[in-house]
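# Coordinate inspection notes
The residues making up each chain are set out below.
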Amino acid sequence: MMDKIHDLLCVPLKQIIDERGAVYQYLKSTGDTFRGFGEAYYSKVNTNVVKGWKFHKEIHQHFCVPFGRIKLIAYDCRIDSPSYGAIQEIIIDDRENYQMISMRPEIWYSFQALSEPFALLANIINKPHDPAESLNLPLDNKEIPYVWK
Ligand SMILES: Cc1cn([C@H]2C[C@H](O)[C@@H](COP(=O)(O)OP(=O)(O)O[C@H]3O[C@@H](C)C(=O)[C@@H](O)[C@H]3O)O2)c(=O)[nH]c1=O
């Protein structure tokens, strides 16, 4: 059963399309979820590859997919959360599911590229990347109740 994780926000984004191309909106400092700017980068994911599981202790992330299609799985391990134990599946892409995911810290997540030849997961984070601030678990672990097929 796919739940909704407390305070993990999916914000539909506009694409302003014209005959020349389009403008894909992403993140504004005036947005409700903005927590300051630290770094922006892309995670390129080759078709069918799954990255993760990842967990950030402090960093707040803003994901969107400007190219391709990603399946994101999130798991709420916060004992004090109203959605403790929840697993949420989110499709993010550059078309009908063009949206920003406001991913607060302390959520486990992993993500798979569903598009060929790859997908780009854009990420804007509120502090510069710090490997010491994150945790990783292998895809086949005993802690997270989700199995990637
Ligand atoms: C994110 C990042 C990674 N790296 C290095 C660390 C490592 O040697 C290599 C690959 O890093 P990762 O395996 O973490 O890359 P990846 O698995 O693509 O994950 C990254 O994508 C986003 C969506 C996340 O979820 C973050 O955890 C981030 O680490 O790049 C940097 O130098 N600067 C950075 O800002």
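Residues numbered from 1 in each chain as written. Predicted model: local features only at pLDDT ≥ 70, side-chain atom pairs only at ≥ 80, totals over all residues. Heavy atoms only, no water.

Labelled according to an unreviewed UniProt entry, the chain appears under the name dTDP-4-dehydrorhamnose 3,5-epimerase, originating from Hydrobacter penzbergensis. The record in UniProt for the chain states the following under Catalytic activity (unreviewed entry): "dTDP-4-dehydro-6-deoxy-alpha-D-glucose = dTDP-4-dehydro-beta-L-rhamnose". (UniProt positions renumbered as here; feature names shortened; annotations may be inferred.)

Any two side chains of opposite charge can pair if their charged atoms end up close together. Under the criterion given, the structure shown has nine salt bridges. Here Asp7 and Arg78 are joined by a salt bridge, their closest N and O atoms 3.2 Å apart. Of the two residues, Asp7 sits in the segment before strand 1 (9–12) while Arg78 sits in the loop between strand 7 (69–76) and strand 8 (87–93), which places them 71 residues apart along the sequence. Residue Asp7 is classed as partly exposed on the basis of its relative accessible area, which comes to 29%. Looking at Arg78, the relative accessible area reads 8%, which means it is buried. (Salt bridge = Lys/Arg side-chain N within 4 Å of Asp/Glu carboxyl O. Helix = DSSP H or I, 4+ residues; strand = E, 2+ residues; numbered from the N terminus. Buried < 20%, exposed > 50% of the residue type's maximum accessible area, 1.4 Å probe, protein only.)

Those residues carrying the UniProt feature "domain: WIF" (unreviewed entry) are residues 90–149 in this numbering. Secondary structure content for residues 90–149 is 0% helix and 45% strand, while the C-alpha to C-alpha distance between its ends is 16 Å.

Bringing the side chain of His56 into the picture now. Within the fold, His56 resides in strand 5 (residues 50–56). Its relative accessible area of 9% is what places His56 among the buried residues. Only 2.8 Å separates the side chain of His56 from the side chain of Glu133, close enough to count as a polar contact. The residues touching His56, leaving out its near neighbours within four places in the chain, are Gln61, Pro105, Glu106, Tyr109, Glu133 and Ser134. (Polar contact = N/O pair within 3.5 Å; in protein donor to acceptor, adjacent residues only side chain to side chain. Contact = heavy atoms within 4.5 Å.)

Tracing the backbone through its elements, the reader meets Gln112 in strand 10 (residues 107–113). For Gln112, a relative accessible area of 11% translates into the label buried. Ignoring any residue separated from it by four or fewer positions in sequence, one finds Gln112 in contact with Asn48, Val49, Val50, Arg69, Ile70, Lys71 and Trp148.

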